[in-house]
Amino acid sequence: MVATMIIDDVINDLVAFAKRHHIIIKFLKMPSGMRSLAFIKQKFIIINTNCPESQLPFKIAHELGHVLLESDDRIFHSKSMDNRFSSEGTANDVALHLLIKFYLDECEEYNLNSVQPIMEQLHIAPKFLAKVQRITKECLTH
Ligand SMILES: [Zn+2]
């Protein structure tokens, strides 16, 4: 399957998932440095689309992670994808679960021998390799 088709499918899955959870996603082309935002209380996220399309699934999934996990009204932004703040780490965990689940749902077949296609197509940072391997295995054996 062509990579961009998978990306479109995963984005559609994330948008449908958000709808089911009454989370509104607004896609906006902002200056390239501007971060995507999650307004927790309002269940509202803004995604900066000014980036390669392959980066959108992780961005969307990450901000969804904030809304799903947090209950206060702080505004989160993915200024850094490092795990200095525990909320960033847990948002990334949720993001990886959502991305991998939807990715595998969209794949006709998936060869567990390598998670490299998932990592590359969904633009997942190399530091998440071990997590991606674990989550992929969980998804495929359930
Ligand atoms: Zn974040």
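Residues numbered from 1 in each chain as written. Predicted model: local features only at pLDDT ≥ 70, side-chain atom pairs only at ≥ 80, totals over all residues.

**Remarks on the confidence of the model for the protein**
Right, on to step 1. Per-residue confidence for the protein averages 86 on the pLDDT scale, and 85% of its residues sit at or above 70.
Right, on to step 2. When the elements of the protein are averaged for pLDDT, strand β4 (residues 75-77) gives the smallest value, 50, and strand β1 (residues 24-28) the largest, 97.
Right, on to step 3. A low-confidence stretch, residues 78-84 (pLDDT under 50), is modelled with nine contacts involving residues beyond four sequence positions or located in other chains. (pLDDT = per-residue confidence, 0-100. Helix = DSSP H or I, 4+ residues; strand = E, 2+ residues; numbered from the N terminus. Contact = placed C-beta atoms within 7 Å.)

**Re helix α2 (residues 56-69)**
Right, on to step 1. Compared with the 20 Å implied by 1.5 Å per residue over 14 residues, the 20 Å span of α2 between its first and last C-alpha is a close match.
Right, on to step 2. Most of α2 is tucked away: 13 of the 14 residues are buried. (Expected span 1.5 Å × (residues − 1). Buried ≥ 20, exposed ≤ 12 C-beta atoms within 10 Å, placed from the backbone.)

**Examining the nonpolar core**
Right, on to step 1. The biggest cluster of nonpolar side chains holds 32 residues, and the ones touching the most others in it are Val10, Leu14, Ile60, Ala61, Leu64, Leu99 and Tyr103.
Right, on to step 2. The set of elements that each furnish at least two residues to this core consists of α1 (3-20), β3 (44-48), α2, α3 (86-106) and α5 (129-141).
Right, on to step 3. Apart from residues no more than four positions distant in its own chain, isoleucine 60 is found in contact with Ile11, Leu14, Ile25 and Ile47. (Core = buried A, V, L, I, M, F, W, Y, C linked by C-beta atoms within 7 Å.)

**Brief notes about α5**
Right, on to step 1. Between its first and last C-alpha atoms α5 spans 18 Å; for 13 residues at 1.5 Å apiece the expected length is 18 Å, and the two agree.
Right, on to step 2. Among all positions in α5, only Val132, Ile135 and Thr136 are buried. Down the axis of α5, the smallest arc covering the buried residues is 105°, so these residues share one side. Residues of α5 that are exposed and angled more than 90 degrees away from the buried face: Ala130, Glu138 and Thr141. (Arc of directions from axis to C-beta.)

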